[in-house]
Amino acid sequence: MSNFDKKTPYNDLPLLPPKADIETKEVLKKVASSGRALAKLNGALLNLPNPTLFLDTIYLQEAKASSAVENIITTNDELYKSLVADKKAENPATKEVLRYKEALWLGLEELKTKPFITTNLCIKIVQRIKQNDAAIRITPGTTLSNTQGEVIYTPPSGETVIREKLANLEKFINEHDSFDPLVKMALLHYQFEAIHPFLDGNGRTGRILLLLYLKLTGLLDTPAIYLSAYIIKNKAQYYQRLQGVTEKEEWEAYILYMMDMIEQTANEGLERLNKIITTMDKTGNEIKNKLPKIYSKDLIEILFRLPYTKRQHLIDEKIGNPKTAGSYLQTLEKNGFLQSVMVGKEKLYRNPQLLRILEEA
């Protein structure tokens with residue numbers, strides 16, 4: 001683009017909608033297949049006997065993957081232990097991932113009362129991620145560099161300019177309906193990342209907005225999808241596609257990338273969901289046959305809600321008093337269904353089969 005200089009604040013970032021031809025034949029063809037994959041996943045989630053059963057697990061996996069895009073790395077084992085245990089996480093990376101999950105939940109709760117994506121919602125999300133009073137950038141000098149330290153992009157500078165760009169983005173998201181919703185999702189993601197409104201946390205906030213948008217538009221009633229896992233596997237291409245739009249208005253290649261992200265993660269999510277359900281049913285039948293006195297549907301759901309559980313979870317679901325709940329978990333461990341681990345002075349019980357499926361992801 002003639003008015004773009006990677007070392008100069010991109011205050012001329014074009015407003016949405018783009019003037020270029022966006023919905024090309026190739027784009028619409030890919031949108032159709034992506035939409036079908038998303039619809040299949042949505043149907044499977046809606047048909048679950050308990051649609052909220054796997055939410056914590058799925059959202060935490062997305063939080064882990066999204067954080068990993070920013071090189072914030074933790075393990076599944078450490079993450080799920082930290083979520084369940086009374087002892088708080090000490091690993092800074094684990095803390096960051098847990099905050100991402102909190103920020104996603106915050107966004108979903110906000111949509112229930114105010115079904116709009118706004119600048120204020122973005123600020124609330126980044127503040128929850130960063131656990132501070134983050135606000136729109138006012139300090140000049142923000143640049144984005146590659147791994148060699150070379151400046152590849154300088155986002156718009158000046159609070160007034162940034163807020164004007166965000167106001168346009170907000171209007172586009174909530175009022176502009178001339179594009180297919182999935183195409184619109186790709187456009188809003190590029191624009192948010194190009195505006196880069198915060199000093200830190202833009203990538204994670206932008207990926208949360210993707211999930212909120214899928215929920216807002218009804219494309220996914222439960223936004224249980226690991227979009228960030230695709231970005232991790234195709235990270236270099238992700239940044240190349242964003243840069244291609246900025247420098248050469250290569251919208252088609254970028255949108256096709258985003259549609260492939262939707263299609264692949266929806267298909268993988270459906271496969272993973274089916275694998276978890278099959279394993280849960282198989283385990284439930286084995287427990288019912290081997291330990292009929294302790295079997296219940298509620299107990300099986302607790303064991304598969306998260307890879308770790310503890311006595312208090314059974315007590316909360318009124319499966320038994322402290323003594324009974326502890327006895328049930330010990331019996332399940334003796335029969336090979338669970339593995340106990342100590343976290344501080346607290347005993348947790350790991351579901352190795354569920355953790356194995358998540359590790360495969």
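Everything quoted here is computed from the prediction, not taken from an experiment. Each chain has its residues counted from 1, running along the sequence as written. Thresholds applied to this predicted model are a pLDDT of at least 70 for local features of residues and 80 or more for the giving and counting of side-chain atom pairs; totals over whole chains, interfaces and linings are not thresholded and use all residues. Hydrogen atoms and water are omitted, and side-chain values are computed over all heavy atoms in the structure.

Q: Explain the overall build of the protein chain to me, please; I cannot follow it from the model alone.
A: A tally of helices and strands in the protein chain yields 15 helices and five strands. For the protein chain, the C-alpha radius of gyration of 22 Å lies close to 21 Å, the compact-globule estimate for 361 residues. Partly exposed residues are those whose accessible area sits between 20% and 50% of the maximum for their type, while under 20% is buried and over 50% is exposed, using a 1.4 Å probe and protein chains only. Looking at the protein chain as a whole, 52% of its 361 residues qualify as buried. Contacts were defined at the residue level, with two residues in contact if any of their heavy atoms lie within 4.5 Å. Here the contacts in the protein chain between residues at least 6 apart in sequence split such that 71% fall between residues at least 24 apart. Surface accessibility in these figures is a Shrake-Rupley result with a 1.4 Å probe; residues are shielded only by whichever protein chains are displayed. Summed over all atoms, the accessible surface of the protein chain reaches about 16,800 Å², with 49% contributed by carbon and sulfur. Side-chain charges in the protein chain split into 49 positive and 45 negative, and the spacing between the mean points of these groups amounts to 7 Å. The numbering of helices and of strands both runs from the N terminus, where a helix is a DSSP run of H or I of at least 4 residues and a strand a run of E of at least 2. Throughout, the radius of gyration refers to the C-alpha atoms, and the reference size of a globule is 2.2 Å times the residue count to the power 0.38. For this count, His and the chain ends are skipped, Lys and Arg are scored as positive, and Asp and Glu as negative. Note that the charge is assigned to NZ on lysines, CZ on arginines, CG on aspartates and CD on glutamates.

Q: What is the right way to read the sheet that holds strand β3 (residues 308–309) from this model?
A: Sheet strands line up and pair through hydrogen bonds in the backbone, either parallel or antiparallel. Judged by pairing direction, the sheet is antiparallel, and its three strands sit side by side in the order β3-β5-β4 without closing on themselves. The outermost strands of the open sheet, each flanked by one partner alone, are β3 and β4 (339–343). Here an angle of 0 to 180 degrees is reported between the N-to-C directions of two axes, which are lines fitted to C-alpha atoms, with helices fitted over the stretch in contact. In the packing of helix α14 (residues 322–334) onto the sheet, the strands contacted are β3, β4 and β5 (346–350), and the crossing angle to β5 comes to about 50°. DSSP calls a pair of strands paired once it identifies at least 2 bridges connecting them.

Q: Help me understand the pairing of β4 in this model?
A: Walk down a regular strand and you will see the side chains alternate between the two sheet faces. When β4 meets β5, the two strands line up antiparallel, connected through five bridges. By the bridge assignment, Val341 is partnered in β5 with Leu348. Remark: two residues form the turn of the hairpin made by β4 and β5, two consecutive strands paired antiparallel; Gly344 in that turn has positive phi of roughly 65°.

Q: Explain the environment of Ile195 to me, please; I cannot follow it from the model alone.
A: Position of Ile195 among the secondary structure elements: in helix α7 (residues 181–195). Put simply, Ile195 and Pro156 are 39 residues apart on the chain and 6.1 Å apart in space, counted from C-alpha to C-alpha. With residues near it in sequence (within four places) discarded, Ile195 still touches Leu13, Arg137, Pro155, Pro156, Ile162, Lys165, Leu166 and Leu169.

Q: Explain unusual backbone geometry to me, please; I cannot follow it from the model alone.
A: Outside of glycine, negative phi angles account for most residues, and trans bonds account for most peptide bonds. At the junction of Leu16 and Pro17, the peptide bond is cis and its omega measures out at 0° in the coordinates. Residue position: Pro17 is located in the segment before α1 (25–46). For His196, which is not a glycine, the phi torsion comes out positive at approximately 50°.

Q: I would appreciate a short explanation of the packing of aromatic side chains in the present structure.
A: Aromatic rings from Phe, Tyr and Trp, with only the six-membered ring used for Trp, were paired whenever their centres fell within 6.5 Å, and each pair was classed as stacked if the ring planes differed by under 30 degrees, edge-to-face if by over 60, and tilted otherwise. This model, assessed by the stated rule, comprises eleven aromatic pairs. Arranged with centres 6.3 Å apart and planes meeting at 65°, the rings of Trp251 and Tyr254 form a pair that is edge-to-face. Note that Trp251 and Tyr254 are positioned in helix α11 (residues 251–290) at a spacing of three residues, about one turn of the helix. By the ring-pair criterion, three or more aromatic residues cluster together here, those being Tyr230, Tyr238, Tyr239 and Tyr257. We call a charge positioned above a ring when the Lys NZ or Arg CZ atom is no farther than 6 Å from the ring centre and deviates by at most 35 degrees from the ring normal. Lying across the ring of Phe172, Lys184 places its NZ or CZ 5.6 Å from the centre.

Q: When you look at the nonpolar core in this model, what are you seeing that I'm missing?
A: Inside soluble globular proteins, nonpolar side chains tend to come together where they are buried. By convention a nonpolar core is built from buried Ala, Val, Leu, Ile, Met, Phe, Trp, Tyr and Cys residues, the set being connected through side-chain atoms within 4.5 Å. Counting residues in each nonpolar core, the largest one holds 117 residues, and the members touching the most others are Leu212 and Ile255. Sort the elements by how many residues they give to this core and α11 lands first, with 14 residues. Those residues in contact with Leu212, other than ones at most four positions away along the chain, are Leu104, Gly107, Leu108, Leu111, Ile117, Leu121 and Ile125.

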